[in-house]
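Residue-level listing of the chains:
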Amino acid sequence: QVQLVESGGGLVQAGGSLRVSCAASGGTFDTYGMGWFRQAPGKEREFVAAISWSGGSTSYADSVKGRFTISRDNAQNTVYLQMNSLKPEDTAVYYCAARWGRRSKATPTDEYDYWGQGTQVTVSS
């Protein structure tokens, strides 16, 4: 059983940057692909970014491509999402997720086994 705890959310002005983190425990971190998702009020949860177990493959939603960067530190059991050039439409609760298996490709769908509780990101205009 993997536990995921997100942190680093907050309030930022449009155009600013924020980095959210997700610390994993209870499993062997480098056997999991990781992903970030978000859910805005009144909207469905959507895919944001994903990274393979080794970090060698990443995938991004078109809406964040070129602005967000996903990375992981397997020694620290942590995955990060660096968010730059933030827009008000990026406002959402951000969730990290873990999918068991050393797949060569990052998983851009919601086929994940474990989910965190989320961290709020608010971008003011």
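Here's a quick rundown of the structure. (Residues numbered from 1 in each chain as written. Predicted model: local features only at pLDDT ≥ 70, side-chain atom pairs only at ≥ 80, totals over all residues. Heavy atoms only, no water.)

**Quick word on the nonpolar core**
Soluble globular proteins tend to bury their nonpolar side chains together. Counting residues in each nonpolar core, the largest one holds 35 residues, and the members touching the most others are M34, W36, L81, M83 and Y94. Among the elements of the structure, β3 (18-25), β4 (32-39), β5 (46-51), β7 (68-73), β8 (78-83), β9 (92-100) and β11 (119-124) are those that each provide at least two residues to this core. Excluding residues that lie within four positions of it along the chain, L81 makes contacts with L18, R19, V20, W36, V48, A49, F68, T69, I70 and Y94. (Core = buried A, V, L, I, M, F, W, Y, C linked by side-chain atoms within 4.5 Å. Buried < 20%, exposed > 50% of the residue type's maximum accessible area, 1.4 Å probe, protein only. Helix = DSSP H or I, 4+ residues; strand = E, 2+ residues; numbered from the N terminus. Contact = heavy atoms within 4.5 Å.)

**With respect to the environment of Q120**
Here Q120 shows up in strand β11. With sequence-adjacent residues up to four places away left out, Q120 is seen in contact with G9, G10, T91, A92 and V93. Of note is the side chain of Q120, whose polar atom sits 3.4 Å from the backbone oxygen of A92. Here the side chain of Q120 touches T122 through a polar contact of 3.3 Å, side chain to side chain. (Polar contact = N/O pair within 3.5 Å; in protein donor to acceptor, adjacent residues only side chain to side chain.)

**A short note on the pattern of salt bridges**
Here the structure, examined in full by the defined rule, presents six salt bridges. Across the pair R102 and D30 runs a salt bridge, and its minimum N-O distance is 3.1 Å. Of the two residues, R102 is situated in the loop between β9 and β10 (114-115) and D30 in the loop between β3 and β4; the sequence distance between them amounts to 72 residues. Judged by its relative accessible area of 24%, D30 is partly exposed. Two residues, R38 and D90, come together in a salt bridge whose shortest N-O distance is 2.9 Å. Here D90 lies in the loop between β8 and β9 and R38 lies in strand β4, a separation of 52 residues in the sequence. (Salt bridge = Lys/Arg side-chain N within 4 Å of Asp/Glu carboxyl O.)

**What about the packing of aromatic side chains?**
In this structure the tally under the stated criterion is five aromatic pairs. Aromatic pair Y32 and Y114: ring centres 6.2 Å apart, planes at 65°, arrangement edge-to-face. Linking Y32 in strand β4 with Y114 in strand β10, this pair joins segments that are 82 residues apart in sequence. Where Y112 meets W115, the ring centres are 6.1 Å apart and the plane angle is 70°; that geometry is what we call edge-to-face. An aromatic cluster is defined as three or more aromatic residues linked by ring pairs; in this entry it consists of F37, F47, Y112 and W115. (Phe/Tyr/Trp six-rings, centres within 6.5 Å; stacked < 30°, edge-to-face > 60°.)

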